[in-house]
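Observations on chain architecture
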Amino acid sequence: MQTIFVMVKCDLGKAYDVAAEAVETMEQVSEVHSTSGQYDLLMKCYLNDGQDIGHFVVSKLQTIPGVKDTFTLITFKAFT
């Protein structure tokens, strides 16, 4: 499994709708947090090894109604 974090900028008034859509319809989306600053949401996603990250972000996350922009962080190692 590969973990990515995607910061999402939403259309005004759409952050809660975008968050609900992501968590309810996409099994890869583990958590969605509302945030302050330039982006409205932070999504934690788990992708299968070898799954195309760019394709997932562009075809799945960016097509959610109300998504305006995304910024993707690819992780290497989780420290526990």
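Residues numbered from 1 in each chain as written. Predicted model: local features only at pLDDT ≥ 70, side-chain atom pairs only at ≥ 80, totals over all residues. Heavy atoms only, no water.

1. Quick look at the nonpolar core
We apply this condition: In this text, buried Ala, Val, Leu, Ile, Met, Phe, Trp, Tyr and Cys residues form a nonpolar core when linked through side-chain atoms within 4.5 Å. Note on exposure labels: buried denotes an accessible area under 20% of the residue type's maximum, exposed denotes more than 50%, and partly exposed covers the range between, all computed with a 1.4 Å probe on protein chains only. Only runs of H or I of at least four residues qualify as helices and only runs of E of at least two qualify as strands under DSSP, and these elements are numbered from the N terminus. We call two residues contacting when some pair of their heavy atoms lies within 4.5 Å.
By size, the foremost hydrophobic cluster in this structure holds 20 residues, and its most contacted members are Ile-4, Val-8, Val-18, Leu-41, Met-43, Phe-56 and Leu-61. Contributions of two or more residues to this core are made by β1 (2-10), α1 (15-25), β3 (41-47) and α2 (53-61). When neighbours within four sequence positions are excluded, Phe-56 is seen to be in contact with Ile-4, Gln-28, Val-29, Cys-45, Leu-47, Gln-51 and Leu-61.

2. Quick look at the side chain of Thr-70
For clarity, the cut-off: Any N or O atom pair separated by 3.5 Å or less is treated as a polar contact, with the protein-specific requirement of one donor-capable and one acceptor-capable atom, and with residues adjacent in sequence counted only for side-chain atom pairs.
Within the secondary structure, Thr-70 sits in strand β4 (residues 67-74). A polar side-chain atom of Thr-70 sits 2.8 Å from a polar atom in the side chain of Gln-62. Residue contacts for Thr-70: discarding those within four places in its chain leaves Val-6, Met-7, Val-8, Tyr-39, Val-57 and Gln-62.

3. Observations regarding the sheet that holds β4
To keep things clear, this is the line we draw: Here, any two strands with at least 2 DSSP bridges between them count as paired. Helix axes use the C-alpha atoms of the stretch in contact, all axes being lines fitted to C-alpha atoms, and the angles between their N-to-C directions lie in the range 0 to 180 degrees.
Here four strands make up an open sheet; going across it, the order is β2-β3-β1-β4 and the pairing antiparallel. Only two strands of the sheet have a single neighbouring strand rather than two, namely β2 (29-34) and β4. Strand after strand, the sheet turns through a mean of 20° between neighbouring axes, direction not considered. Sheet topology note: the β1/β3 ladder contains seven bridges and is antiparallel.

4. Re the pairing of β3
Side chains on a regular strand alternate between the two faces of the sheet. In terms of residue burial, β3 counts as a mostly covered element, since five of its seven residues are buried. Examined bridge by bridge, β2 and β3 share five bridges and lie antiparallel to one another. Within β3, the position partnered with His-33 by the bridge is Leu-42. Hairpin remark: β2 followed by β3, antiparallel, with six residues in the connecting loop; positive phi at Gly-37, about 105°.

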